[in-house]
Protein chains: 2
Amino acid sequence: MQSKKNISMSVIKRLPRYYRFLGNLGKKNIERISSLELSRQMGLTASQIRQDLNCFGGFGQQGYGYNVKMLYEEIGAILGVNNKNKTILIGTGNLGQAIARHMSFEMRGFNIIGIFDREDSLVGTELRGLRVQSTDSLESFCKENSPLVAVLCVPNTTETEELIDLLVDCGIKAFWNFTHIDIKAKYPDVCVENVHLSDSLMTLCYQVNMLKK
Amino acid sequence: MQSKKNISMSVIKRLPRYYRFLGNLGKKNIERISSLELSRQMGLTASQIRQDLNCFGGFGQQGYGYNVKMLYEEIGAILGVNNKNKTILIGTGNLGQAIARHMSFEMRGFNIIGIFDREDSLVGTELRGLRVQSTDSLESFCKENSPLVAVLCVPNTTETEELIDLLVDCGIKAFWNFTHIDIKAKYPDVCVENVHLSDSLMTLCYQVNMLKK
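Rules behind the numbers
- Residues numbered from 1 in each chain as written.
- Chains lettered and ligands numbered in written order.
- Predicted model: local features only at pLDDT ≥ 70, side-chain atom pairs only at ≥ 80, totals over all residues.
- Heavy atoms only, no water.
- Helix = DSSP H or I, 4+ residues; strand = E, 2+ residues; numbered from the N terminus.
- Contact = heavy atoms within 4.5 Å.
- Areas by Shrake-Rupley, 256 points an atom, 1.4 Å probe, with all protein chains shown as cover.
- Pairing = 2+ DSSP bridges.
- Axes fitted to C-alpha atoms, helices over the stretch in contact; angles between N-to-C directions.
- Parallel < 35°, antiparallel > 145°, perpendicular 65-115°, else oblique.
- Nonpolar A, V, L, I, M, F, W, Y, C, P; charged D, E, K, R; others polar.
- Buried < 20%, exposed > 50% of the residue type's maximum accessible area, 1.4 Å probe, protein only.
- Arc of directions from axis to C-beta.
- Buried area = accessible area lost by both parts, 1.4 Å probe.
- Salt bridge = Lys/Arg side-chain N within 4 Å of Asp/Glu carboxyl O.
- Polar contact = N/O pair within 3.5 Å; in protein donor to acceptor, adjacent residues only side chain to side chain.
- Least-squares fit on C-alpha atoms with pLDDT ≥ 70 in both.
- Domains from an automatic or database assignment.

A. Here's a closer look at the overall build of chain A. Each helix and strand counted, chain A has 9 helices and 10 strands in total. When the backbone C-alpha atoms are referred to their principal axes, chain A occupies close to 60 × 50 × 35 Å. For chain A, long-range pairs separated by at least 24 residues make up 60% of all intrachain contacts whose partners lie at least 6 apart in sequence. Surface exposure of chain A reaches about 10,500 Å², of which carbon and sulfur atoms provide 47%.

Written out as structure tokens, the structure is:
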């Protein structure tokens, strides 16, 4: 396989989609697929697909198409889905509870080792088999367990900005960020994936408006 | 204001972010902001901001910057946040419940008028002040109430594919889609905003891997 450095973020962002599609093909016992057929199903051009996969050394054989299982496993390895990155989740309101219960973290490369909330009423409850801890104990927990990743399901407040400072101080290197706080602006070296649900909803609103014109 | 048609999707997708930023500036009682200062805070170039806002006729005055409140309201109007698009939500598992409780639909242009689940144990429960109805009654509900938008918080199954067929038949023109089903592939004229949480998580996984190399 070629070097994996310097791959553009737009290619990276398509990899999970390839991974999902190939996983579904595998479940249907499909063993091989041509880039043409894959492109048809994914709504990309065949040339786009060849280009994307060539970034990682290419897995196709001219005239034979792609081996579905092999490509699925290779992309999984590139994404690192078999890792067990130590992860903490902070905020167990509606959203945090849903994310904790709904997401298959362990199939995506993450291992949730601690869940935190600042509300006394939520501390001590159980979520995902873990006891929710007070955010007061975050610092000592991080010292002891060295988590690398934090899932932020907390409100957009100045207290959350302070929480982010604390987490970076404690060695957190990556955030799955459901808040609107721009973590990258202050910490450019930290990895951040933002999920801006309300932005997505407003984009849909614009499209619905356009329908009516 | 200029014509709003033919604005590229990449500009549209940035509008909610402008809207959020300007809303926060307004809360801090900031009345004017230069494109330079706005660009600094948003991590875009000043020229990018001027270009984006010019798509809609521009709201700045050379040398005076932007009027925060006016620009906020104009972008809100472009996005259509004051609309009350009739919306139904389907699926009240962990994710559906969180989305129903957590999101400010009515501040983003949507009015949730019905909530549905196919599980008998969930039908009849209350969510967001509405009684959860059986998906069996979807068709008659749509005939009577003509919702335009559906929020899909259901599993990725063939039954969900059939559900989407039914919804499109019933007049649904826009989906906020939390499933992995590619609605656009089958219904290119329908508006779709996909929220692929697991793709976002895997993209983060890749970035965390790169940290270790």
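B. Highlighting the sheet that holds strand S7 (residues 133-134) of chain A. Residue and element names in this part refer to chain A. The 6 strands lie next to each other as S7-S4-S3-S8-S9-S10, forming an open sheet whose pairing is parallel. Each edge of the open sheet is held by one strand with a lone partner, namely S7 and strand S10 (191-194). The pairing of strand S3 (residues 85-90) with strand S8 (residues 149-152) spans 4 bridges and is classified as parallel. Residue pairing in the sheet places Thr-87 in a bridge with Val-149 of S8. Across the sheet, helix H7 (residues 158-169) is in contact with S3, S8 and strand S9 (174-177); its angle to S8 comes to roughly 165 degrees.

C. Seen up close, the packing of helix H1 (residues 9-27) of chain B against helix H2 (residues 35-42) of chain B. All names here are of chain B. Packing of H1 against H2 brings their axes to within 11 Å, and their N-to-C directions diverge by 105 degrees. Classified by the interaxial angle, the pair formed by H1 and H2 is roughly perpendicular. Contacts from Arg-17, Tyr-18, Phe-21 and Leu-25 in H1 reach Leu-38, Gln-41 and Met-42 in H2. Grouping the constituent residues of the contact of H1 with H2 by class yields 5 nonpolar, 1 polar and 1 charged.

D. Layout of H2(B). All names here are of chain B. Every buried residue of H2 is accounted for by Ser-35, Leu-38, Ser-39 and Met-42. For H2, the buried positions fall inside an angular range of 100 degrees around the axis, keeping them on one side. More than 90 degrees from the buried face of H2, the exposed residues found are Leu-36 and Arg-40. Buried residues belonging to H2 abut H1, strand S1 (32-33), helix H3 (46-54) and strand S2 (66-67). One or two steps after H2, the chain reaches Gly-43, where phi turns positive at roughly 70 degrees.

E. The arrangement of the interface of chain B and chain A in detail. Counting residues at the interface gives 61 residues for chain B and 61 residues for chain A. Between chain B and chain A the total buried area reaches about 5,600 Å² when both faces are included, carbon and sulfur atoms providing 68% of it. The largest share of the area that chain B buries against chain A comes from B:Leu201, B:Met202 and B:Tyr206, three residues that together contribute 13% of it. Scanning the region where chain B abuts chain A turns up 2 salt bridges. A salt bridge links A:Asp199 to B:Arg20; the nearest nitrogen and oxygen atoms lie 2.8 Å apart. Where chain B touches chain A, the interface holds 13 residue pairs in polar contact (both at pLDDT 80 or more). Those elements that provide at least two residues to the side of chain B that touches chain A are H1, helix H4 (68-79), helix H5 (94-102), strand S9 (174-177), strand S10 (191-194) and helix H9 (197-212) of chain B. Here the element with the most residues in the side of chain B that touches chain A is H9(B); it accounts for 16 residues.

F. Fine view of the relation of the copies chain B and chain A. Mapping chain B onto chain A calls for a rotation angle of 180 degrees and an axial translation of 0.0 Å; the resulting RMSD is 0.0 Å. Taken together, the rotation and translation relating the two chain copies correspond to the operation of a two-fold axis. Measuring from the rotation axis to each C-alpha of chain B, the shortest distance belongs to B:Ala98, at 3.0 Å.

G. Representation of the domain arrangement of chain A. In terms of domain boundaries, chain A breaks down into domain 1 (9-78) and domain 2 (85-199). Taken over C-alpha atoms, the centre of domain 1 of chain A sits 32 Å from the centre of domain 2 of chain A.

H. How the structure looks around the pattern of salt bridges. Residue and element names in this part refer to chain B. A full pass over the atoms with the stated rule returns 16 salt bridges over all chains. Its salt-bridge partner being Lys-69, residue Glu-73 comes within 3.5 Å of it at the nearest N-O pair. In this pair, Glu-73 and Lys-69 both sit in helix H4, 4 residues apart, roughly one turn of the helix. Given a relative accessible area of 47%, Glu-73 falls into the partly exposed group. By relative accessible area, Lys-69 is classed as exposed at 59%. Notably, a salt bridge pairs Glu-106 with Arg-128, separated by 2.5 Å at the nearest N-O pair. Note that Glu-106 is positioned in the loop between H5 and strand S4 (110-117) and Arg-128 in the loop between strand S5 (126-127) and strand S6 (130-131), a separation of 22 residues in sequence.

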